[in-house]
Amino acid sequence: VLPGRTPQRAMADATQPVAVPSVQRYPVSFHYFGEATSLPVKIQKASFHVCPAPTIGQNLIRLELTVLNDCHPGDIAGKLKLPLPPGATVCRFEFLRNEKWYPATPVEAKKAKEVVYKEKEKGRSVAATSQTQGNVFEIEVSPLKYQVPSQCRLWYSHSDTEVPFDFGADTTVEVKHEGPEGALCSPPSGPGACLGECFGQMHFACYVPFSPVAASGAPKSVAVLWDTSGSQAGDHLALRFERLRQLAAKCPDTRFEVWSFGIGMKKESSGPGTAEEAISLLGALRYDGGTDLTLVPKILESLGSATEAVMLFTDGMDNLDRRPMLPASCPPVHCVVDQASVNLPFLSSVCLSTGGHVLKADYLPMLRPQTTLSGIQTDQSGEDFVMGEDGFVCCPDHRLHLQWPIGEEGVWICGVRGGVRKLSVQLRVGKDLKEYGFDLGTAPEVAAGAAPLLGYLFARQQYVAVERDGAVMGMDLTKARADLAVKYGFCTPESSLLMLYDPEQFVENGIDCPKEHPAHAKWKAETAGASPEIKKGEIGEPKTEEQMNVVSRLAEELQRYVQTPIPPQAARSDHLERCARNRMVIPAHELPREEDTSSSLAGLLRSTSSRTCARRVGSMPSVGSSGMPQACGRGLRTSCRSPSWPRAACASSHVLRTTTWWPSTTRTTCGYSASGTSR
């Protein structure tokens with residue numbers, strides 16, 4: 001049960017059209033948490049500085065907050081809870097201390113938690129920015145002195161046309177724009193491109209608008225998966241019911257099957273029914289408790305083969321932050337996004353991996369086939385395309401055959417320009433193919449303040465591509481996502497922005513200090529003479545205890561092998577004859593020499609399954625006058641299928657790629673058989 005929340009019943013049986021809110025507001029809060037209390041920290045001023053990239057409809061926004069600790073005497077640490085618009089993320093965070101701006105360092109989320117705990121135990125100042133759930137970010141700011149204004153600032157990017165935040169009545173809000181138009185950029189109606197120097201390279205970004213496909217046949221059976229956790233209760237339920245009625249009006253023959261899930265799952269309907277019957281069932285549900293998203297794959301596996309589409313109503317925020325994999329074969333899953341706090345990355349990956357749509361407004365897009373990005377062409381030479389030596393990098397990858405679904409917001413092609421000047425993008429719109437061309441040689445450069453935006457967009461596109469590939473292939477690519485986030489310095493569920501102030505904090509925790517950090521010079525001096533960290537077990541480094549145990553065991557086995565006596569020469573002939581008659585493998589060191597082999601023994605060896613792999617290290621094998629191939633030391637495992645020399649595999653699964661047929665002499669080599677079967 002969620003703290004401070006009581007069970008509620010959805011009173012949203014919409015009989016009249018529901019007004020759709022034009023802009024979703026996101027409340028910003030700042031609190032100090034004591035041992036038994038939670039006190040609000042006053043936000044005196046919120047200043048937005050907007051750096052737009054008009055040709056691609058994106059904005060890099062710096063939010064600077066002035067906060068005042070007027071609730072507790074002494075230095076405290078306050079927590080800023082900041083919900084961002086879906087799809088946006090914190091790119092950078094800084095705190096003003098002693099008239100100097102201290103930037104946060106991107107590290108993996110697990111390490112950030114460990115460092116914060118250790119630094120607090122040592123009594124030192126530390127803070128971290130983390131993505132708690134969905135699009136909600138939590139930033140701990142420290143220290144906040146009593147009755148002394150403190151300043152912090154963060155950067156984020158998005159394409160919304162307004163600043164959708166809700167501060168308290170006592171907060172002064174101001175918005176400044178670098179662009180001449182004095183307003184944020186929204187996605188343009190046509191294609192556009194721009195350039196910007198950031199992260200040491202010339203980055204580019206191209207925008208391709210969405211082209212809708214004509215509606216096709218309506219699905220006959222739709223499964224509705226409805227989240228009944230406490231966070232789902234609210235006024236948006238009436239809007240959902242209204243949009244379901246709109247969908248049913250377009251496809252009157254469609255039947256709906258209702259499933260509910262929270263901490264358990266239940267099939268609410270006895271069978272598929274009309275939209276009104278489904279709404280009646282949904283209106284009677286109670287909302288309480290948390291969300292277990294691992295129930296979604298179980299419900300999908302329970303659906304019958306007649307189900308042609310699935311509508312998932314949830315905010316995508318699991319109580320334990322789980323991201324379950326969906327079944328390999330399931331109908332398209334369309335995710336409804338209509339709340340302020342939502343885990344858009346997870347819901348988007350669900351849609352991408354199943355062929356569904358993200359439904360941010362009405363539900364009619366689920367009746368249309370997807371518009372897909374099918375290819376990207378450049379003016380690269382063939383050699384540069386293969387070797388990639390011209391420095392051009394693109395996401396989505398231009399070297400691949402693409403089937404990249406495009407939402408109603410369009411798609412951004414981002415990367416490092418390198419030597420490419422011409423770029424064209426192909427879209428598959430139903431049966432039609434649309435092409436958009438871009439000239440990166442004449443594309444405008446954005447202002448210096450907006451240039452980092454292109455690097456962040458490139459990183460975000462790579463992050464989305466990794467998420468999509470992981471969902472499609474059923475692989476956990478958390479490490480790849482964390483590496484991307486740490487490299488470009490933005491906040492994700494896998495990475496956090498860690499705030500350290502003193503050089504010894506960086507040294508003791510093994511974290512590199514950013515160049516723009518006030519403590520960088522001292523940190524560099526302290527680490528200049530330090531020897532590199534020795535990692536046991538790495539190649540070229542001392543072995544771990546476990547590795548040494550393996551070496552000792554192999555040494556003992558080798559010693560026993562060397563000390564094993566070889567059978568005396570006098571008994572070799574009888575020994576070989578017994579091996580041949582009993583179809584036993586003959587070790588290489590026991591093979592008879594050519595001049596010591598009797599005709600009867602040679603014939604016996606030829607007619608049994610005890611053969612020898614004709615592999616010799618450093619030279620080609622040969623066949624002597626006795627008919628015995630000179631050996632590599634691996635006994636054969638085969639059955640003699642004819643009087644001719646058999647095709648075989650040795651005891652180490654070396655397969656004879658060419659055959660030596662008795663009594664001819666041919667070149668014989670052996671390779672490796674993963675299955676170990678004889679050929």
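Above this text you will find the structure in question.
Parameters and conventions
Residues numbered from 1 in each chain as written. Predicted model: local features only at pLDDT ≥ 70, side-chain atom pairs only at ≥ 80, totals over all residues. Heavy atoms only, no water. Helix = DSSP H or I, 4+ residues; strand = E, 2+ residues; numbered from the N terminus. Buried < 20%, exposed > 50% of the residue type's maximum accessible area, 1.4 Å probe, protein only. Polar contact = N/O pair within 3.5 Å; in protein donor to acceptor, adjacent residues only side chain to side chain. Contact = heavy atoms within 4.5 Å. Pairing = 2+ DSSP bridges. Axes fitted to C-alpha atoms, helices over the stretch in contact; angles between N-to-C directions. Phe/Tyr/Trp six-rings, centres within 6.5 Å; stacked < 30°, edge-to-face > 60°.

## Thoughts on the side chain of N509
Part 1 of the reasoning: Secondary-structure assignment places N509 in helix α9 (residues 503-509).
Part 2 of the reasoning: N509 sits in the buried class, given a relative accessible area of 6%.
Part 3 of the reasoning: A polar side-chain atom of N509 sits 2.7 Å from the main-chain carbonyl oxygen of Q505.
Part 4 of the reasoning: Excluding residues within four positions of it along the chain, N509 makes contact with K111, V115, K118 and E119.

## Here we look at the sheet that holds strand β8 (residues 90-97)
To summarise the sheet geometry, strands pair through backbone hydrogen bonds and adopt either a parallel or an antiparallel arrangement.
Part 1 of the reasoning: Taken in spatial order, the 6 strands line up as β9-β8-β13-β6-β5-β15 in an open sheet, and their pairing is mixed. Every other strand in the sheet has two partners, leaving β9 (100-103) and β15 (172-177) as the edge strands with one partner each. Here the average twist between neighbouring strands, direction ignored, is 20°.
Part 2 of the reasoning: Of the strand pairs in this sheet, strand β6 (residues 58-68) and strand β13 (residues 150-158) are connected by 9 bridges, and their pairing is antiparallel. Within β13, the residue paired with V67 across the bridge is S150.

## With respect to the packing of aromatic side chains
Part 1 of the reasoning: Enumeration according to the criterion identifies 12 aromatic pairs in this entry.
Part 2 of the reasoning: Pairing F165 with F167 gives two aromatic rings, centres 6.4 Å apart and planes at 50°, and the pair type is tilted. Both residues of the pair, F165 and F167, belong to the buried class.
Part 3 of the reasoning: Measuring from ring centre to ring centre gives 5.8 Å for F313 and Y363, while their planes differ by 80°; the resulting arrangement is edge-to-face. In this pair, F313 is assigned in strand β22 (residues 309-313) and Y363 in the loop between β24 (358-359) and β25 (371-378), connecting sequence segments 50 residues apart.

By themselves these figures say nothing about function.
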